[in-house]
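Structure assessment
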Amino acid sequence: MTGEWSMRSDICIIGAGVVGCALARVLSRCEADIAVLEQGADVAEGASKANSGIVHAGFDAQPGTLKARLNVEGAAMYPALCKELGVPYSQPGALVLGFSDEDRKSLEGLLRQGQENGVAGLCILSREEVLERESALSPNVRCALAAPTSGLVSPYELTYALADHAAVNGVRFLRGERVERVERTQEGLWRVMTGRGEHICRVLVNCAGAGAEAIHAMMGGAPLRIVHRRGQYILLDRMERLPVSETIFQCPTRMGKGVLVTPTVHGNLLLGPTAEDIEDGFDSSTTAEGLREVLERCRISWPEANTRLSITSFSGIRAHEERGDFIIGAVEGQKSAYEAVGIESPGLSAAPAIAEMLGAQIARECGLRAKASIAAPIARKKPFHEMNACERAAAVAENPQYGSVICRCEVVTEAEIREAIRRPVGATTIDGVKRRTRAGMGRCQGGFCAPRVAELLSEELGIPLTGITKSGGESRLLTGTIGEALKGGERQ
């Protein structure tokens, strides 16, 4: 073994997306040594950072499926969970628009399906009722399905909070650990090999998202196939008044829930996504064609859709298992092996319920005992930009670093950035700071604040500026100094 480390634990979870972190938090209630391996430079680096942030009501999943049951159960958990963790959450509701008689039939089918799934408050609205609620929508709308329990969350902030709560209860998070091989030891334990070392564990759990098919095969599971479905988005800047107050869907297709127009919990407007099947499950690039499709399709619902206020575009990869449902539970034929595979939409909505279901199964079948007590989540301080004048004065008096605004667009202070780096599972990259604090999320997209954020990371982590990256790997902002470059020129 030539890696940097060798480690042992009772339970090893592969993947630190929202499901992996939620499961780690649930299992941290048990008397067990738990580790989470993540190939990215941070938690929430895959689909958990790049999705619509919608907590779906649960009307579009087929009755009787795990998707349907866990979507409704998970969505019901969100208000209390986000309050406990200090994560932004709202429940503005959603409309699924119909533009034809055929669409109305589809909406009536979704209504019946949602009622069978146990979704409360669903109803069909007339054209007049739709336009009275959302006047900016197309006058061509004929009807809509209203889902008042549809919610919004910040998916990456939720994942960070889940990870932090797991960490304060003893879970270890190892980032930058790409799994290369999984095998059994002679003692019947699991050996997980990464590029840096090996991890020996008694129980292995696959929550690897887009990489779950490969891990499933390494664990000896029966063949399954993940289809990598890329969705491209356009994010608009904040407006004085958003054109819509609810999430606006079009009738879903076999490829997904369709292109939507939705507010975010932070007051932006999000357009997308596309749905394109691709070979590379980690190709999160955007294309001119895809973004053009987003805009054209959004104009069906909101005719005034345009890119004048666009501040960024991005894409996320959905891990669609070809049979269409979540795969959750024990890996057939493999002792002490579990998985959550094919967790595409409504995976974010279902994540809390997935974690409770799978965590209970693992605890029961592996004989884990509950801890006598667990630590509460770390209290989240009110963001500086949300404070009133008196609260800001008190914050600066307590910590003068609150008086130094680093990100002007989002009004993020030095104190908040340093705290984000010092969290139990803290930021180690510029993007990690951005998603924890919103420094760099505004109109200039980090053009002003990124250099100072890099300096703060360097100070807090104790590494040179040339070691600071945007998102891990070789995404370095600096490759050397001017002096080194000049010396190199003299040598030539």
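We now turn to the structure provided with this report.

Criteria and thresholds
- Residues numbered from 1 in each chain as written.
- Predicted model: local features only at pLDDT ≥ 70, side-chain atom pairs only at ≥ 80, totals over all residues.
- Heavy atoms only, no water.
- Helix = DSSP H or I, 4+ residues; strand = E, 2+ residues; numbered from the N terminus.
- Rg over C-alpha atoms; globule rule 2.2 N^0.38 Å.
- Buried < 20%, exposed > 50% of the residue type's maximum accessible area, 1.4 Å probe, protein only.
- Contact = heavy atoms within 4.5 Å.
- Areas by Shrake-Rupley, 256 points an atom, 1.4 Å probe, with all protein chains shown as cover.
- Pairing = 2+ DSSP bridges.
- Core = buried A, V, L, I, M, F, W, Y, C linked by side-chain atoms within 4.5 Å.
- Polar contact = N/O pair within 3.5 Å; in protein donor to acceptor, adjacent residues only side chain to side chain.
- Phe/Tyr/Trp six-rings, centres within 6.5 Å; stacked < 30°, edge-to-face > 60°.
- Lys NZ or Arg CZ within 6 Å of the ring centre and 35° of its normal.
- Salt bridge = Lys/Arg side-chain N within 4 Å of Asp/Glu carboxyl O.

Along its length, the protein carries 13 helices and 22 strands. Its C-alpha radius of gyration of 23 Å places the protein within 12% of the 23 Å reference for a compact globule of 492 residues. In terms of principal-axis extent, the alpha carbons of the protein reach across some 70 × 60 × 50 Å. Residue burial in the protein is summarised as follows: out of 492 residues, 53% are buried. Counted over contacts in the protein with a minimum sequence separation of 6, partners at least 24 positions apart contribute 72%. Per element, the accessible surface of the protein, about 21500 Å² overall, is 49% carbon and sulfur.

Here 5 bridges tie strand β10 (residues 179–184) to strand β11 (residues 190–194), and the two strands are oriented antiparallel to one another. Along β11, the bridge assignment pairs E183 with R191.

Residues I11, I13, L23, L158, F173, V205 and I362 are the most contacted members of the largest nonpolar core, which totals 55 residues. Of all the elements in the fold, those that place two or more residues in this core are β1 (5–14), α1 (18–27), β2 (34–38), α2 (66–85), α5 (155–168), β12 (197–206), β20 (337–341) and α8 (347–365). The element best represented in this core is α8, accounting for 9 residues. Ignoring any residue separated from it by four or fewer positions in sequence, one finds L23 in contact with I13, V205, C207, A355, L358, G359 and I362. Listed in part, the 23 residues of the second largest apolar core include L95, L125, C298 and A305.

Note that H216 resides in helix α6 (residues 212–218). Residues H216 and N206, 10 residues apart in the sequence, show an inter-C-alpha distance of 7.0 Å. With residues up to four places along the chain from it excluded, the contact list for H216 reads N206, G221, A222, L224, V331 and E339. At 2.5 Å, the side chain of H216 and the backbone oxygen of A222 are in polar contact.

Attention now moves to unusual backbone geometry. Of the consecutive residues G272 and P273, the connecting peptide bond is found in the cis state with omega at 0°. With an omega of 10°, the peptide bond between S345 and P346 qualifies as cis. Along the chain, P346 turns up in the loop between β20 and α8. Phi at A44 takes a positive value of approximately 60°, unusual for a residue other than glycine.

The next point concerns the packing of aromatic side chains. All chains considered together, the criterion is met by 3 aromatic pairs. Between R178 and the ring centre of F282, over which it is positioned, the NZ or CZ distance is 5.8 Å.

Below, the discussion takes up the sheet that holds strand β3 (residues 54–55). What the 3 strands build is an open sheet, ordered β3-β8-β4; its pairing is antiparallel. Pairing within the sheet leaves two strands with one partner each, and these edge strands are β3 and β4 (89–90). One ladder, built from 2 bridges, connects β3 with strand β8 (residues 151–153); its direction is antiparallel. Among the inter-strand pairings, I54 is bridged to a residue of β8, identified as L152.

Time to look at the pattern of salt bridges. A full pass over the atoms with the stated rule returns 38 salt bridges. Where R69 meets E73, a salt bridge forms, and the shortest distance between an N and an O atom there is 3.4 Å. Of this pair, R69 and E73 are both found in helix α2, 4 residues apart, which corresponds to roughly one turn of the helix. In this structure E73 comes out as partly exposed when scored by relative accessible area, which is 35%. The closest approach of N and O atoms between R225 and E322, which form a salt bridge, is 3.7 Å. Of this pair, R225 sits in the loop between α6 and β13 (226–236) while E322 sits in the loop between β18 (310–321) and β19 (327–330), and the two are 97 residues apart along the sequence.

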